Structures are given as structure tokens and as C-alpha cells.
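For reference, the chains in residue letters:
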Amino acid sequence: MAVLVTGGAGYIGSHTVSEFMAQGEDVIVLDNLQKGHCDAVLAKTFYEGDIRDSELLDKVFSSHDIEAVVHFAADSLVGESVQIPLQYYDNNLITAQRLLVCMEKHGVKKIVFSSTAATYGEPKSIPILETDSKEPTNPYGETKLAIENMLKWCGQAYGISSVALRYFNAAGAHLDGHIGEDHRPESHLIPIILQVALGQRDSLQIFGDDYPTPDGTCVRDYIHVTDLAMAHWLSLEKLRKTQKSSVYNLGNGEGFSVRQVVEKAREVTGHVIPVQVVPRRAGDPAVLIASSEKALAELGWKPKFNSLEQIIKTAWNWQQYHPDGFIK
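(A) Up close: the packing of aromatic side chains. Counted according to the given criterion, the structure contains 1 aromatic pair. Summarising the aromatic geometry, the rings of W318 and F326 are spaced 5.0 Å apart at their centres and angled 55° between planes, so their arrangement reads as tilted. For F326, a relative accessible area of 12% translates into the label buried. Cation over ring: R281 sits above F207, and NZ or CZ is 4.7 Å from the ring centre. The lysine or arginine in question, K294, covers the ring of Y248, its NZ or CZ lying 5.1 Å from the ring centre.

The structure is reproduced here in C-alpha cells:
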């Protein structure tokens, strides 16, 4: 039986496909390549298209014996979601709804969902627990939380079991350097810092230095993308064994400020990396740090690349040899 990975040409999706294939899984990728890359598609079976295309989706499910879905396909930029919220509701919610309709039609009862720490909004306490209140401060987090609730009700109505994984900040690249992070435009902190180190940008913009944190810049919990990928496979294994739905935070439980990340990148790359402070972005919480104790205990998840230096080194390895990403 096969596992369908939607958004499997994207950053986290492609690393998860790689991990699933290493575990011997038969993987099918569906991606519209709006933000993903052909060269990041590692599975032998690939469909290019949009999940909102119900005919295509039905064709994929009809042509293969699909056991489970791992769902990544979504818009995922916090600032952009505040500017164009209707696009996020369309692309995130409608795609999930169409996917679940097709799963129910074809009797597919297991899904691992790519959620986000943005579901929590401005946290009341640190580290954040899965049971903490969810009050998103941006449409991106709102749409992801709405999908989590959709999964809950589909579980009750149709017997679809799900695991929702609330990521904190995914970073790094595959150890062998064949895939890595390549967004157009790039929006994530570490690859932008490394673009400055490569001379592709004059400086790094720091969005606000007046947050209630030790150095005034936002604090985030960084998790290596390969560790995230393994958590998806362990989540599928859990569903296979228990058919019990659940939600897990995925982070390292340690926060680093933007300035701390810059300083570590200077050490790793040997470059100065100039910075420029600009106004805050809308929707950015001051501190996001995960408690991943539940995932450690219930999934048997053990992050291997849990130091900021390791994470930046793998990203730097990818970016030095792929300064233009997947463009050859």
C-alpha cells in the first residue's frame, strides 16, 4: 500500500518523502509546483496538480491503493496571510476539505497533518503545551487550527484517524545535501542570513528589536527538518498501531533570539553578516518555544540534530553548493 504526500515537492514535504522512502514506504507525491520544485521530487510516482481539482484527486486515489495521507500542501507565510487572508482560507481550508472528501469516498482512514505553532498565537506560558489555549494572531494560524478541528469532526463522523503536528521553526537541510530549503521569495530566517553570508543580500532585516525578550528580538524554537520528517513517519506508525488521533508539538524546547541566530551563523560561516533593524511585522508573537514531551513519550521521537550549530551547518552546506536553490 502507498502513502500519498501532498506538497511533497516543498521543503518539509521533500525531506519527509526522503525519510519515508528510507523506511521502505511506497510514496506518491502530489504537488502543483507553485512553491515546490521538480528536482525536490524524490518519489517515482508524481502527479503535478492542485488538490482543489477534484477530478485529479479522484484519479490519484482511484489509481493507487492508498493507505494514508501526509498533508503538507498549503500557503504558510505569517505576514502574507495578514495581507491576503482570503487566499489563505481558499488554499488552506478548501484543499483540506477536498482532500478529506476524497479520503472518505475511497475509504482512506489515516492522515498526518502539517500544522503549526501559529495555532497558539501569543502564548500565555513557556514552554507551550498542546493543551494550552489556541488564539492565533494571523490567518495562517487560524486556517491551520480550523483544519485541526475539521479533522476532529471527520474522525467522529467518518472514522478518519489523524495526527496533527504543530511545528515550531523548521530549519536545516538533508545531511547529504541533495535537498534543502528554497522558497521564492525566501522568508525564513536562517536561509536569509546565509544569503547575506554568500553576498546575495547586503544585510539582514531584523523585524523589531523592542519585543519583551532579553535582546528585544523575537525568540524561536528551531527544529531540524530531518527530525521533523522522522516525526511524520513515527506518527503514521502510531496510527497504524492504534488508530487513535492526537496532536503533538515538535520543537527542541530551547529558544534562540534573532540576534543569537545571527551570531551563531557568523561563527559557522566566518562571515560578518550585517543587520538592519526595521519595524515589526504584523502577527509575530514575541516568544515561541515548544514542550515536545508528549511526542517524545508517545511517538518515541528523539531529535538527532538538536543544536543550533548543527542546524545552521547543514543549511550552510546546502546553500554553499546550491546558491540559487534548485535552479541549475
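(B) Up close: the pairing of strand β2 (residues 26–31). Burial analysis of β2 places 5 of its 6 residues in the buried class, the great majority of the element. Bridging between strand β1 (residues 2–6) and β2 involves 5 bridges; their strand directions are parallel. Across the sheet, residue V5 finds its bridge partner in β2, namely V29. Tracing the backbone out of β1, into helix α1 (residues 11–22) and back to the parallel element β2 gives a crossover that is right-handed. Summarising the sheet, β2 and strand β3 (residues 45–48) pair through 4 bridges and their orientation is parallel. Bridge assignment links I28 to a residue of β3, and that residue is T45.

(C) Molecular detail of the state of the cysteines. Under the defined criterion, the tally for this structure stands at 0 disulfides. There is no disulfide at C154, and the cysteine sulfur nearest it, in C102, is 13 Å away.

(D) Geometry of the nonpolar core. By size, the foremost hydrophobic cluster in this structure holds 33 residues, and its most contacted members are I12, L250 and W301. Secondary-structure elements contributing two or more residues to this core are β1, α1, β2, β4 (66–71), β6 (161–167), α7 (225–242), β10 (246–250) and α9 (293–299). Ignoring anything within four residues of it in the chain, the contact list for I12 reads F72, Y167, A170, V225, L228 and H232. Residues I193, F256, I273 and L308 belong to the second largest nonpolar core, which totals 28 residues.

Scoring rules and cut-offs
- Residues numbered from 1 in each chain as written.
- Predicted model: local features only at pLDDT ≥ 70, side-chain atom pairs only at ≥ 80, totals over all residues.
- Heavy atoms only, no water.
- Phe/Tyr/Trp six-rings, centres within 6.5 Å; stacked < 30°, edge-to-face > 60°.
- Buried < 20%, exposed > 50% of the residue type's maximum accessible area, 1.4 Å probe, protein only.
- Lys NZ or Arg CZ within 6 Å of the ring centre and 35° of its normal.
- Helix = DSSP H or I, 4+ residues; strand = E, 2+ residues; numbered from the N terminus.
- Pairing = 2+ DSSP bridges.
- Right-handed = clockwise from strand over helix to strand, strands pointing away.
- Disulfide = S-S within 2.5 Å.
- Core = buried A, V, L, I, M, F, W, Y, C linked by side-chain atoms within 4.5 Å.
- Contact = heavy atoms within 4.5 Å.

None of this, on its own, says anything about what the molecule does.
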